[in-house]
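Chain by chain, the residues:
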Amino acid sequence: MTTPRRADGTGDVTLPAGAEEVAGTVPDGWRRLERRSHAVAAAYSLAVATPVAVAIVRGMTGAGVAVELIVAACAGAALLILAGAVVYDVLRWRATEYRVTGERVELRSGVVQRRHRSVPRERVRTADVTADPVRRVLGLAVLKIGTGEHAGEGASELSLDPISRREAERLRALLLHAPDRAPGAARPDAARSPGTAYSADGASSPPAPAPCRSRRWRGGGSGWPR
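In this text, all values refer to a predicted model and were calculated from it rather than measured experimentally. (Residues numbered from 1 in each chain as written. Predicted model: local features only at pLDDT ≥ 70, side-chain atom pairs only at ≥ 80, totals over all residues. Heavy atoms only, no water.)

Engineer: Any chance you could break down the pattern of salt bridges for me, citing the residues and the numbers?
Structural biologist: Pairing is possible between side chains that carry opposite charge, provided their charged atoms lie close to one another. The full count for this structure, using the stated rule, is nine salt bridges. Here Glu97 and Arg108 are joined by a salt bridge, their closest N and O atoms 2.5 Å apart. Of this pair, Glu97 sits in strand β2 (residues 97–100) while Arg108 sits in strand β3 (residues 104–109); the two residues are eleven residues apart in sequence, bridging distant segments of the chain. We note a salt bridge from Asp161 to Arg135, for which the minimum N-O separation is 3.1 Å. Here Arg135 lies in helix α4 (residues 133–137) and Asp161 lies in strand β7 (residues 157–164), a separation of 26 residues in the sequence. Residue class for Asp161 comes out partly exposed when judged on its relative accessible area of 22%. (Salt bridge = Lys/Arg side-chain N within 4 Å of Asp/Glu carboxyl O. Helix = DSSP H or I, 4+ residues; strand = E, 2+ residues; numbered from the N terminus. Buried < 20%, exposed > 50% of the residue type's maximum accessible area, 1.4 Å probe, protein only.)

Now the structure itself:
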């Protein structure tokens with residue numbers, strides 16, 4: 001394991017407990033998305049290039065253009081679309097970073113306009129892992145982290161697209177875990193015995209006495225209460 005060092009190289013950085021689990025060996029914890037996103041962009045660019053090529057073939061065939069020129073035009077259009085999609089995805093990949101700390105989930109993104117969004121971990125209510133066929137084949141997934149609020153479009157949701165399937169599942173388990181409870185710690189109510197009352201801080205108090213039930217005397221018979 002590599003020991004993280006300060007930016008000026010003067011010494012080692014001591015990470016808090018559990019920081020390596022979240023941040024790897026990066027001192028500030030920022031991580032990039034998966035590089036395989038370029039392959040996803042290339043695959044989807046072919047889906048765009050196909051109808052464009054069909055349109056070119058129809059238009060140039062009707063105009064009586066030679067087959068060689070039609071093939072060259074289709075290939076050129078496909079390469080142009082492919083290159084544009086991959087270049088943009090590379091720029092997006094370089095501009096996007098995320099990190100999960102003990103208190104917050106942060107995302108920095110934006111190719112033209114930079115954005116820095118942050119969500120407190122105690123407000124995280126959902127962490128959905130999805131993967132379309134292309135991402136599934138490449139072992140990738142999209143993790144959408146939400147707070148359950150509707151303050152505005154995208155304001156209450158962070159999307160990590162894409163990260164590895166394993167990383168997505170790990171982060172999902174981490175974020176849906178109570179932030180104020182250490183991993184592996186027993187729930188405070190796991191060993192509570194029936195009839196024992198607990199205050200807000202977990203302290204126990206004696207059980208409340210059972211309510212008394214009054215009985216009426218009925219005349220006749222032996223005179224004992226029934």
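So that's the structure; there's more coming.
Engineer: Please set out the sheet that holds strand β5 (residues 126–130) residue by residue, giving values where relevant.
Structural biologist: The strands making up a sheet are joined through hydrogen bonds of the backbone, oriented either antiparallel or parallel. Within the open sheet, the three strands sit side by side as β5-β6-β7. Their pairing is antiparallel. Whereas interior strands pair on both sides, the edge strands pair on one side only; in this sheet they are β5 and β7. The sheet shows a mean angle of 20 degrees between the axes of neighbouring strands, taken without regard to direction. Pairing between strand β6 (residues 140–146) and β7: six bridges, direction antiparallel. Its bridge partner being in β7, Leu143 is matched across the sheet by Leu160. In the packing of helix α5 (residues 165–175) onto the sheet, the strands contacted are β5, β6 and β7, and the crossing angle to β7 comes to about 145 degrees. (Pairing = 2+ DSSP bridges. Axes fitted to C-alpha atoms, helices over the stretch in contact; angles between N-to-C directions. Contact = heavy atoms within 4.5 Å.)

Engineer: Just give me the short version of the nonpolar core, but keep the residues and values in it.
Structural biologist: Core analysis: the largest hydrophobic core is formed by 21 residues, its most contacted members being Tyr98, Leu143, Ile145, Leu160, Ile163 and Leu171. Of all the elements in the fold, those that place two or more residues in this core are β2, β3, β5, β6, β7 and α5. It is α5 that provides the largest number of residues to this core, a total of four residues. Excluding residues within four positions of it along the chain, Ile145 makes contact with Val105, Val124, Thr126, Ser156, Glu157, Leu158, Leu160 and Leu175. In terms of nonpolar packing, the next biggest core, distinct from the first, is built from five residues, Ala53, Ile56, Ile70 and Ala77 among them. (Core = buried A, V, L, I, M, F, W, Y, C linked by side-chain atoms within 4.5 Å.)

Engineer: Break down the pairing of strand β4 (residues 115–120) for me, citing the residues and quoting the values.
Structural biologist: Consecutive residues of a regular strand have side chains that alternate between opposite faces of the sheet. As defined by bridge partners, β3 adjoins β4 across six bridges and the pair is classed as antiparallel. Residue pairing in the sheet places Val105 in a bridge with Val119 of β4. Linking β3 to β4, which pair antiparallel, is a turn of five residues; within it Gly110 sits at a positive phi near 115 degrees.

Engineer: So what about α5? Which residues, and what values?
Structural biologist: Among all positions of α5, only Glu167, Ala168, Leu171, Leu174 and Leu175 are buried. Seen along its axis, α5 keeps its buried residues to an arc of 130 degrees; they face one direction. Set apart from the buried face of α5 by more than 90 degrees, the exposed residues are Arg166 and Ala173. (Arc of directions from axis to C-beta.)

Engineer: Residues and numbers for the confidence of the model for the protein chain, please.
Structural biologist: Residues of the protein chain with pLDDT of at least 70 account for 64%, and the chain-wide mean is 76. A low-confidence stretch, residues 1–27 stays under pLDDT 50, and its non-local contacts, those more than four residues away or across chains, total 29 contacts. Counting interchain partners and residues more than four positions distant, the pLDDT-below-50 stretch residues 214–226 has eight contacts. (pLDDT = per-residue confidence, 0-100.)

Engineer: Break down the packing of helix α2 (residues 37–62) against helix α3 (residues 67–95) for me, citing the residues and quoting the values.
Structural biologist: The geometry of α2 relative to α3 is characterised by a closest axis approach of 8 Å and an angle of 155 degrees between their N-to-C directions. By the angle between their axes, α2 is roughly antiparallel relative to α3. The handedness of the crossing between α2 and α3 is right-handed. Its residues assigned to classes, the contact of α2 with α3 shows 21 nonpolar, four polar and two charged. (Parallel < 35°, antiparallel > 145°, perpendicular 65-115°, else oblique. Left-handed = near helix turned anticlockwise from the far one by under 90°. Nonpolar A, V, L, I, M, F, W, Y, C, P; charged D, E, K, R; others polar.)

Engineer: Lay out the side chain of Ser45 with the relevant residues and their values.
Structural biologist: With respect to the helices and strands, the residue Ser45 is situated in helix α2. Setting aside residues no more than four positions away along its own chain, Ser45 makes contact with Ile81, Leu82 and Ala85.

Engineer: Mind laying out α3, listing which residues take part and the relevant values?
Structural biologist: Taking 1.5 Å of rise per residue, 29 residues should cover 42 Å, and α3 covers 42 Å from first to last C-alpha, within 8% of that figure. Those residues of α3 not exposed but buried are Ile70, Cys74, Ala77, Asp89, Trp93 and Ala95. Lining the buried residues of α3 we find β1 (31–32), α2, β2 and β3. (Expected span 1.5 Å × (residues − 1).)

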